[in-house]
Amino acid sequence: MEQSRFRIIVHFVVLLYVSLGPAVSAKVICIELKAEFKQASPDGVLKEIITINGQFPGPTIRAERGDILNIRVRNKLKDSSGVRHPTSVHFHGIEMENTPWFDGPEQVAQCPIPYNGYMDYSFKLVQSGTYWYHSHHAWQYIDGFWGLLIVKNPPEEVHAYNDEFSITLMDWHYRSGGTLSTLLHLPRTDPNPEAGRTPLPDSALLNGRGNANCLQVAVNNLQCDEAKANFITVFRVVQGWTYRLRVVNPSAHASFRFSIDHHKLRVIEVDGVDTVETSPVDVVTIWPAQRYSFLVTMDWNSQFNPFGGKFWIRTELIIDGPSVPILPITAPYAALFYIGSTPIRAAKKSVNSSKKGKEYLADLLLELNKMPDESEIKGSFGGGTQGRPSEMEVASKNESEFQKPVFGLPPPGGSSAFLSNSIGSGSQFQAGAPRSCRAVGFTRPLVNTDPQEIVLLKDFFAVWTTSPQNPKILNQADCKSMKKAGLLDPAPLSYDQEVVLGATFGIENDFLKAYMNGVSYNSEESQIPVIFRSILNLPVPQSFNPQYIPELQRVIQVVINNDNDGAHPWHLHGHTFWVMATGEENDGPYNPAIHSWKLNVNNGLRRDTTHTPRRSWTVIRFDTGNPGAWLLHCHIHWHLEVGFGAVFIEGQHELQTNYRVPREAKRVCRQNGVIIPNVNF
């Protein structure tokens, strides 16, 4: 009772501080990410992968809303055959307000970073939640070029929890992304049975680790390390604590069903947007590029626990399409271990009576049962607001820190002092780095694991739990986005402009192509990126499938009709959107006369990546107000490669009058032989 009373008092103090206390000063964070090829065996099978700062997955970047991130991406991507690769980086889900040239997609937002070059990405975090960064050049993130970006909202998030940890789930290929891309772009008449067909994964990873069947892959002459294939990830938890689990799917193709035996999942965040806690569920389906945060209470009574305080974290890999992998894929899994519960029993075949075996087991039990250090706990008392800044927050400030155009140009006749604080203005890009980073230098983060995450040999960890017989599966339509703590963020009742996009596959001159409204997206037909073409008032090639949104402060409705036998996850850059409704499989195209009654205008879920079922439809709505060139594309990577993409050009007049191309973007383009002229309107 006393502990509960203390928690209520602390919660009240935090709320009072948020309401009346001084604003938390923003930090400037300077980070270097160096990408290079290395040999590694994430699931036991040896492969040349892409590492960031020498590790895979890349380091987790942690920051707070209001912080300024200066990230230098250094390109050292020369593969074992000597080929030098360009690159670019997208910070998935970050809307890049006032910095559209740092969004990442090549020839849309920037020129590629050449080998041995670098680019300084600088942007302010006006959102909070769970995000990830990845290469947006060709196939590179499939081979390992990605990591997490976690943005907290100072001082705390909405929901109360004791600690948190992250889980990533991804499909994995044993051949390089370059090899698979070459096969995809071969004509269907080529004798290779994989020519012109979507590649399918060979394996799957959890937090960058998997369990290959070495006997199965030996027939393909792959080198497989039995020891590395025999590890699992264990998360140490405290009885009675509530944990926030951030789960991210950076796959090229696969979705995952996620569950924890005998523990319920309460959804509190979807793609960086805070949600009202749903009724607890057993299973959540996570499509490529999506993120969820769950609250999970460790409420299993270890005194009467037949499983010895050990529970499986389960995943099921899903390929939704006409083709499935020939060989079964071992889905990645992990385990929960309740600190202080029944000790782990050693498998007789692994731990004998030798002194070494006993010492190993003793050290293992000591490590597993160690309570978390107070300095390592990432908990929350609640009381803040997570996700995008709401209209209420903006209205409550005389001069909103969220809406200030700190990275653009001043309005005509504006103060010259504005430019001195403008990270995107070019004045701070002298000597190749923002002024704030030249003073302190760039750090190169290396740690990407949580203290409670331990890697164990499976032989030392026996778990006998079972999944529920009739699991409750989350329906995203049951999730409701929050505008501010306790207040919903309902979808707009109407819209000002509608864009209808039809997604189809076809064969063109024997090559597989994907089309949206008959256009196969291809970013290679312009050396000048679309964002700079828009600023300079140059025409945009039709191959980018440009969709013009001239007016700001409007509501756009996008209808996506999927005319093929597989589902597609769609991601819109620069925005979150309300998912108005999604059809059932084989519903056919959206028909307002038949389907409009399904549109959820009372509440609605806001996110940045949603899916369209096979031969069905999805309707989304989003607010304009973020000038830029924003890519909408299928996040099954191979489908984007063959053409599932379109670029929304938003607020072109605003771009031409209040923005200019920053020096850093010009410098990188110049290294590609592309000169961006200076134009004053």
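Everything numeric here is computed off the predicted structure, so don't read it as measured data. (Residues numbered from 1 in each chain as written. Predicted model: local features only at pLDDT ≥ 70, side-chain atom pairs only at ≥ 80, totals over all residues. Heavy atoms only, no water.)

Looking now at the pattern of salt bridges. Taken as a whole and assessed by the stated rule, the structure comprises 27 salt bridges. In this structure, the salt-bridge partner of D608 is R291, at a minimum N-O distance of 2.9 Å. Residue D608 is found in the loop between β29 (605–607) and β30 (609–612), and its partner R291 is found in strand β17 (residues 291–297); the two are separated by 317 residues along the sequence. Assessed through its relative accessible area of 0%, D608 is described here as buried. For R615, the salt bridge identified is with D563, shortest N-O distance 2.8 Å. (Salt bridge = Lys/Arg side-chain N within 4 Å of Asp/Glu carboxyl O. Helix = DSSP H or I, 4+ residues; strand = E, 2+ residues; numbered from the N terminus. Buried < 20%, exposed > 50% of the residue type's maximum accessible area, 1.4 Å probe, protein only.)

Looking now at the environment of L327. Residue position: L327 is located in the loop between β18 (310–318) and β19 (334–338). For L327, a relative accessible area of 43% puts it in the partly exposed group. Remark: the alpha-carbon pair of L327 and D202, spanning 125 residues in sequence, is separated by 7.9 Å.

This paragraph deals with the sheet that holds strand β15 (residues 273–274). Spatially, six strands are ordered β10-β9-β12-β17-β14-β15 in an open sheet, and the strand pairing comes out mixed. In this open sheet, the two strands that pair with only one neighbour each are β10 (203–206) and β15. In terms of strand pairing, strand β14 (residues 266–270) meets β15 through two bridges, oriented antiparallel. From the neighbouring strand, V270 faces β15, where its bridge partner is V273. (Pairing = 2+ DSSP bridges.)

Turning our attention to the packing of aromatic side chains. The relation between two aromatic rings is expressed through the spacing of the ring centres and the mutual angle of the planes. For the structure on display, the rule yields 21 aromatic pairs. When the centroid spacing of 6.0 Å and the interplanar angle of 70° are considered together, the rings of W101 and Y659 count as edge-to-face. Of the two residues, W101 is situated in the loop between β5 (89–92) and β6 (118–124) and Y659 in the loop between α11 (652–658) and α12 (663–671); the sequence distance between them amounts to 558 residues. Like W101, the residue Y659 is buried in the burial classification. Between W300 and F311 the ring centres are 5.5 Å apart and the planes differ by 70°, which places this aromatic pair in the edge-to-face class. (Phe/Tyr/Trp six-rings, centres within 6.5 Å; stacked < 30°, edge-to-face > 60°.)

A few words on helix α2 (residues 177–184). Among the eight residues that make up α2, six are buried, leaving the element largely enclosed by the rest of the structure. Of the positions making up α2, those classed as buried are G177, G178, L180, S181, L183 and L184. Taken together, the buried residues of α2 touch β24 (511–516) and α10 (637–641). (Contact = heavy atoms within 4.5 Å.)

Of all hydrophobic cores here, the largest spans 82 residues; its most connected members are F91 and F532. Those residues in contact with F91 that sit more than four places away from it in its chain are I71, M96, F102, D103, Y121, F123, W132, Y133 and L149. Counting 37 residues, the second-largest nonpolar core is a separate cluster that includes I167, L206, V237 and W241. (Core = buried A, V, L, I, M, F, W, Y, C linked by side-chain atoms within 4.5 Å.)

For the bond from F56 to P57, the omega torsion is -10°, close enough to zero to count as cis. On the secondary structure map, P57 appears in the loop between β2 (47–52) and β3 (61–64). A positive phi angle, close to 60°, is found at N537, a residue other than glycine. Locating N537 in the fold gives a position in the loop between α8 (530–535) and β25 (546–549).

Another aspect to go through is the pairing of strand β27 (residues 568–572). Most of β27 sits out of view: five of its five residues are buried. Here β27 pairs with β30 via four bridges, running antiparallel. In the strand pairing of β30, H571 is matched with T609. The pairing of β27 with strand β32 (residues 628–634) spans three bridges and is classified as antiparallel. In the strand pairing of β32, H571 is matched with H633.

Tracing the backbone shows H571 in strand β27. A relative accessible area of 1% means that H571 is categorised as buried. Within polar-contact distance, the side chain of H571 engages the backbone oxygen of D608 at 2.9 Å. Non-local contacts of H571, meaning those with residues more than four positions away in its chain, are made with H90, H92, G93, D608, T609, L631, L632, H633 and H635. (Polar contact = N/O pair within 3.5 Å; in protein donor to acceptor, adjacent residues only side chain to side chain.)

This next bit is on the state of the cysteines. Counted by the stated rule, this structure contains three disulfides. Each sulfur of the disulfide joining C30 and C437 lies 2.0 Å from the other. Taking the sign of the S-S torsion, -90° for the link of C30 and C437, the bridge is left-handed. Of this pair, C30 sits in strand β1 (residues 28–40) while C437 sits in helix α7 (residues 435–440), placing them 407 residues apart in sequence. Each member of the pair, C30 as well as C437, is classed as buried. Residue C111 pairs covalently with C669 via a disulfide, S to S 2.1 Å. Across the disulfide from C111 to C669, rotation about the S-S bond amounts to roughly 90°, and the bridge is consequently right-handed. Taken together, the residues span a long stretch of sequence, with C111 in the loop between β5 and β6 and C669 in helix α12 at a distance of 558 residues. Summarising the burial analysis for this pair, C111 and C669 share the class buried. When the cysteines of the chain that form disulfides are numbered from the N-terminus onward, they connect as 1-5, 2-6, 3-4. (Disulfide = S-S within 2.5 Å.)

Next up on the list: the environment of E524. Locating E524 in the fold gives a position in the loop between β24 and α8. Take E524: its relative accessible area is 72%, and that puts it in the exposed class.

Hydrogen bonds along the backbone pair up the strands of a sheet, which may run parallel or antiparallel. The sheet built from six strands is open, its strands ordered β16-β13-β18-β19-β11-β20 with mixed pairing. Here the strands that pair on one side only, and so sit at the sheet edges, are β16 (284–286) and β20 (453–457). Strand-to-strand twist across the sheet, computed as the mean angle between neighbouring axes with direction ignored, equals 30°. Sheet analysis places strand β11 (residues 231–237) next to β20, joined by five bridges and oriented antiparallel. Within the sheet, the bridge partner assigned to F235 lies in β20 and is E453. (Axes fitted to C-alpha atoms, helices over the stretch in contact; angles between N-to-C directions.)

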